[in-house]
Amino acid sequence: MKVRMCCAGLRNLLQDWLSFSAKYYCKHNLLQTVSPCRKIGPSKCHILDCSKSPSCTHRTAPPGSILPCRFFSCKQEGSKVPSKRKQNTSTVTSDLLHKNLLKSEQKNWNDIFPTYKAMTKRIKKKLEELHNIYTLTSGSPRMRLGNNVYFEENGYIFLAKADDVGEGNAEILFSLEDLGFPDAFIQRIRISPDQKYMAISLKSENSEEATCIIMKLGNLPVVEKVIPSVFSFEWAANDVLYYTTQKNLKCQNVFMTTFTYQKHTKLVYTEQDARFFVDLYCTKDRRFLTINSNSKTSSEVWLVDCRHPFEPPALVQARTVGVIYHIEHRKDQLYILTTYGEPAEYKLMKAPVASSGKENWQLVYALEKKTKLVDFEMFSDDCIMFLKNAGHLYLNVISFVSHSVQSIKLPTWACEFELESHPELTTSTCYFQLSSPVHPPKRFAYSFKENNLIEQAVQEVPIITNCHTTRLLAKSKDETLVPITVFHNKNSKELHRRPLLVHVYGAYGIDLNMSFKEEKLMLIEEGWILAYCHVRGGGEQGLGWHRDGCQHNKLKGLHDLRACIRLLHQLGFSQPKHTALAAASAGGVLAGALSNTEPALIRAMVLQAPFVDVLNTMMKTHLPLTIEEQEEWGNPLEDEKCMKYIKSYCPYQNIKPQCYPSVFITAYENDERIPLTGILQYVQKLRKAALDHASRTSKKGNWIPNIILYVQENGSHCDSSWEHSLNEVARHLAFLNRELEEVCHPQHHSKSWK
């Protein structure tokens, strides 16, 4: 029997809550009934987040990057001006200007799209073929609790017995399709300790606010509660759920709700400092639920004893400037990942639960210099650290029994890893996946008993044998060595004639995304060179690497990028007229700055929701994230030197008449982080500067760059459907192919897209 909702009420509520604005909070009865489960074989994996937080933040709070990707919002509430009439007039004028600019850009796109339509269609078809090959080989991650296994595929949540999973028998616990909302996706799943309740967060691609549904499991699953605007949630006990609420991209309140006969909800914690963002996490042994309040430079953790979930939270250590810390627990000891002490990189320390202040923290293990802590997992007698050093991934196993540390170098081709869910503390094996931009994920297992690494057998996939990986070091302006990872086809000849796509980010201590993408593999097959520049401001070489590229050091990231591209050209990897630059979000700062200062280094750029107006954004404190972002960019309102410094590199502020590279920008109408108005104004100003330069020069064959903006009506900054992502990538590649085609020699240019 197909699982279905017996009443349309819940469906209607969810459609409201998951709508574009996510503002409609319904007052109807939230209690609905689900019909009995059916048996079904698992289908192709769509998206799962049983153990991870939203894709935008990538896990609850990854070590070394406090809640990444929370950039800026275009919501403008609480603007302070002397006169209410003046405020209203200004708002109307601003809105009118915004609408006119948007209308102009939409017309421009409609006029120019036919130029790219045919090639976009061919590229899209090729990407779909590759996607079908590689997604069919990847199974859905499982979350095992006792004898039960939970997993999500195609909008369904399944329950199976551990010994029956391989046979394809599973019960459906939840279905998005039967709610009548197939365009939403399941963001997070949490099962209560006694497995009688399940909490799920649902999200649409058009809003960053999620809706949490709590279901009582059993023969007749029942929806107990629906909570709008939830960010994170954890079970403190069998029927006690803690959750945080999100408003204007901020999480500052923690609530507790119960599902016993005395059902009630109460506020547990409120964060008063606008620089801090609150989320929740349960220690691996489920002894404590942690309330984590993090800024970009400091943190504070409160403990809820899961044996006494109604007691007030206890403070571990009061926030201290420059000290970040995260908590795990084992045998009445708190294990603390922290930056406390010198050097200011991550260390593993411990302290008794009863004496948790930093004066009692004892060192267990310290990372080597320029080492990035990528992830950390606690087990009963060991913990595992995933590390990145000099571009290579390592697995360090710290034994709490023998007090030893074993370091295992992972395969050299690996650039990214994904840790699978391990809710059971006593498991004897740690599972994870390794990938690179051109290598699909491979599953590995580390056995604590055997003390070795095992590559897991998976379904047969095409073996990537024709791609060569090179790791380089470019010398920046101040002599700092900047890592570059390069991929190219082994069969390619005359690399200096090949198109080169350079990637950059360099902000928030976040690494460049180097996970597998079908389009990257396609480019390699077509003879392209891919280069990833790990510039300062990112996190590839630890927390110090980030500090050296933020606030008054932002220009170092630009110097690094310039040095990387120059080295690539010097070594024969393409040349300026065959080179394109790709960046997203805050990566747009460095990309835009490079096009202002060294436009001759590249031929084209593709920018996704780029941050290009740093100064004006950081001057607007009414934007919900401006205050907390001051730790990344500085405070130009109170520091004149900071204002002048930002102005010196801000892409929008430094546009001037010159020969710019061509640019394709994708923006999102519902983007709450990057103001669309700033992008519209940037494009207008850039286009005018390019045309002014062309009109002033009379050289024969004078080249005018194509400056294109596509504004996607749907989609938000952090999430996009597969269909929208596919179309976006196809448009970008069609643009790059056309731009570089004009300068590539015909015999070296690929014909497969034509």
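None of these values were measured; they are calculated from a predicted model.

Asker: Before we move on, can you summarise the overall build of the protein chain with the specific residues and values?
Answerer: When you go through the protein chain residue by residue, the secondary structure sums to 11 helices and 37 strands. Relative to its 754 residues, the protein chain shows a buried fraction of 58%. In the protein chain, the proportion of contacts linking residues at least 24 apart, taken out of those at least 6 apart, comes to 61%. Accessible surface for the protein chain amounts to roughly 31,300 Å². Of this, 51% is attributable to carbon and sulfur atoms.

Asker: Describe the packing of helix α5 (residues 554–570) against helix α6 (residues 587–597), with residues and values.
Answerer: At a closest axis distance of 10 Å, the pairing of α5 and α6 adopts a crossing angle of 65 degrees. Comparing their axes, α6 and α5 come out roughly perpendicular. The handedness of the crossing between α5 and α6 comes out as right-handed. Contacts between α5 and α6 involve Lys554, Gly557, Leu558, Leu561, Arg562 and Ile565 on the former and, on the latter, Leu590, Ala593, Leu594 and Thr597. Looking at the contact of α5 with α6 residue by residue, the class counts come to 6 nonpolar, 2 polar and 2 charged.

Asker: How would you explain the nonpolar core if you had to name every residue and give the values?
Answerer: The nonpolar side chains of soluble globular proteins are, as a tendency, buried together. The biggest cluster of nonpolar side chains holds 106 residues, and the ones touching the most others in it are Ile484 and Leu561. Take this core: its biggest share by element is 10 residues, from helix α2 (residues 84–135). Residues Met143, Phe174, Leu176 and Ile191 belong to the second largest nonpolar core, which totals 22 residues.

Asker: Requested: an account of the pattern of salt bridges, with residues and values cited.
Answerer: One pass over the full model with this rule turns up 30 salt bridges. Of the charged contacts in the structure, one is a salt bridge between Lys284 and Glu377, with a shortest N-O distance of 3.1 Å. Here the residue Lys284 occupies a position in the loop between β14 (277–282) and β15 (288–294), and Glu377 occupies one in strand β22 (residues 371–378), the gap between them amounting to 93 residues. Residues participating in the shared-partner salt-bridge network are Lys250, Lys296, Glu628 and Glu629.

Asker: If you had to explain the pairing of strand β33 (residues 529–533) to someone new, which residues and values would you point to?
Answerer: With 5 of 5 residues buried, β33 lies mostly within the body of the structure. Taking every second residue as pointing to the same face, both faces of β33 are buried, with Ile529, Ala531 and Cys533 on one and Leu530 and Tyr532 on the other. Pairing between strand β31 (residues 481–489) and β33: 5 bridges, direction antiparallel. From the neighbouring strand, Thr485 faces β33, where its bridge partner is Tyr532.

Asker: Give me the lowdown on helix α10 (residues 676–696), citing residues and values where you can.
Answerer: Helix length check: α10 (21 residues) gives 31 Å between terminal C-alpha atoms against 30 Å at 1.5 Å per residue, within 8%. For α10, the complete set of buried residues consists of Leu676, Gly678, Ile679, Leu680, Tyr682, Val683, Leu686, Arg687, Ala689, Ala690 and Ala694.

Asker: Quick one: what's the story with the sheet that holds strand β23 (residues 382–389), residue by residue and with numbers?
Answerer: In spatial order, the strands read β22-β23-β24-β25; together these 4 strands make up an open sheet with antiparallel pairing. At either end of the open sheet lies a strand with only one pairing partner, and these are β22 and β25 (405–409). Averaged over all adjacent pairs, the angle separating strand axes in this sheet is 20 degrees, with direction ignored. Where β22 meets β23, 7 bridges bridge the pair, whose relative direction is antiparallel. From the neighbouring strand, Asp375 faces β23, where its bridge partner is Phe386.

Calculation notes
Residues numbered from 1 in each chain as written. Predicted model: local features only at pLDDT ≥ 70, side-chain atom pairs only at ≥ 80, totals over all residues. Heavy atoms only, no water. Helix = DSSP H or I, 4+ residues; strand = E, 2+ residues; numbered from the N terminus. Buried < 20%, exposed > 50% of the residue type's maximum accessible area, 1.4 Å probe, protein only. Contact = heavy atoms within 4.5 Å. Areas by Shrake-Rupley, 256 points an atom, 1.4 Å probe, with all protein chains shown as cover. Axes fitted to C-alpha atoms, helices over the stretch in contact; angles between N-to-C directions. Parallel < 35°, antiparallel > 145°, perpendicular 65-115°, else oblique. Left-handed = near helix turned anticlockwise from the far one by under 90°. Nonpolar A, V, L, I, M, F, W, Y, C, P; charged D, E, K, R; others polar. Core = buried A, V, L, I, M, F, W, Y, C linked by side-chain atoms within 4.5 Å. Salt bridge = Lys/Arg side-chain N within 4 Å of Asp/Glu carboxyl O. Pairing = 2+ DSSP bridges. Expected span 1.5 Å × (residues − 1).

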